[in-house]
Amino acid sequence: MSSHDVYAKLKELGIELPLAGVPAAAYVMSVQSGNMVYLSGHLAKRDGKVWGGKLGDTLSTEEGQAAARAAAIDLFATLHAQIGDLNRVTRIVKVMSLVNSTPDFVEQHLVTNGASDLIAQVFGENGKHARSAFGVAQIPLGACVEIEMTVEIAA
């Protein structure tokens, strides 16, 4: 075990991992190929339901950050279900964020920080990742944020 215990950090932050989600269409939630794990896009949820809304219209940047943070927690749950031990993560490689936003909203990067900041807190140095954040016209089920993640793990 590394000196940075992911589960201890989650507990310190008051985060309890939910059960891993199930696909909403014809795909799987995660795929492992060698030491790489590819996590499908996870919709932001609040109180177990899709967190709907549009940034720049019905939601503020701060609300979007909270939604992105919630999506990250669900990503952790899926990753835990796939690999069995989050302490096996050697690097969060890439995060891609889709933000349901109006054409004039330009703070997708700040919304996505809700996930990125939590990932860095939970995984420490191993959580520093490359990232893309896009504004999109709509996300499935009207969700405000969808995030996917690519992770490298120890064998």
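Residues numbered from 1 in each chain as written. Predicted model: local features only at pLDDT ≥ 70, side-chain atom pairs only at ≥ 80, totals over all residues. Heavy atoms only, no water.

Moving on to the pairing of strand β7 (residues 145-153). Counting buried residues along β7, seven of its nine residues qualify, which places the element largely inside the surrounding structure. As defined by bridge partners, strand β2 (residues 36-43) adjoins β7 across six bridges and the pair is classed as antiparallel. For Y38, the partnering residue across the bridge sits in β7 and is T150. (Buried < 20%, exposed > 50% of the residue type's maximum accessible area, 1.4 Å probe, protein only. Helix = DSSP H or I, 4+ residues; strand = E, 2+ residues; numbered from the N terminus. Pairing = 2+ DSSP bridges.)

Counted by the stated rule, this structure contains one aromatic pair. Summarising the aromatic geometry, the rings of F76 and F123 are spaced 5.4 Å apart at their centres and angled 80° between planes, so their arrangement reads as edge-to-face. Placement of the pair is F76 in helix α2 (residues 61-83) and F123 in helix α3 (residues 108-123), with a sequence separation of 47 residues. According to the relative accessible area criterion, F76 is buried, its value standing at 0%. By relative accessible area, F123 is classed as buried at 3%. (Phe/Tyr/Trp six-rings, centres within 6.5 Å; stacked < 30°, edge-to-face > 60°.)

Glancing now at the UniProt feature "domain: Endoribonuclease L-PSP/chorismate mutase-like" (unreviewed entry) in the chain. As recorded in UniProt, the feature "domain: Endoribonuclease L-PSP/chorismate mutase-like" (unreviewed entry) lies at residues 10-145. When the span residues 10-145 is considered, its composition is 31% helix and 26% strand, and the gap between its end C-alpha atoms is 22 Å. (UniProt positions renumbered as here; feature names shortened; annotations may be inferred.)

Attention now goes to the pattern of salt bridges. Summed over the entire model, instances satisfying the criterion amount to two salt bridges. The salt bridge partner of E12 is K9, with a shortest N-O separation of 3.0 Å. Here E12 and its partner K9 are both found in helix α1 (residues 6-12), three residues apart, which amounts to about one turn of the helix. Look at E12 and you get exposed, because its relative accessible area is 59%. (Salt bridge = Lys/Arg side-chain N within 4 Å of Asp/Glu carboxyl O.)

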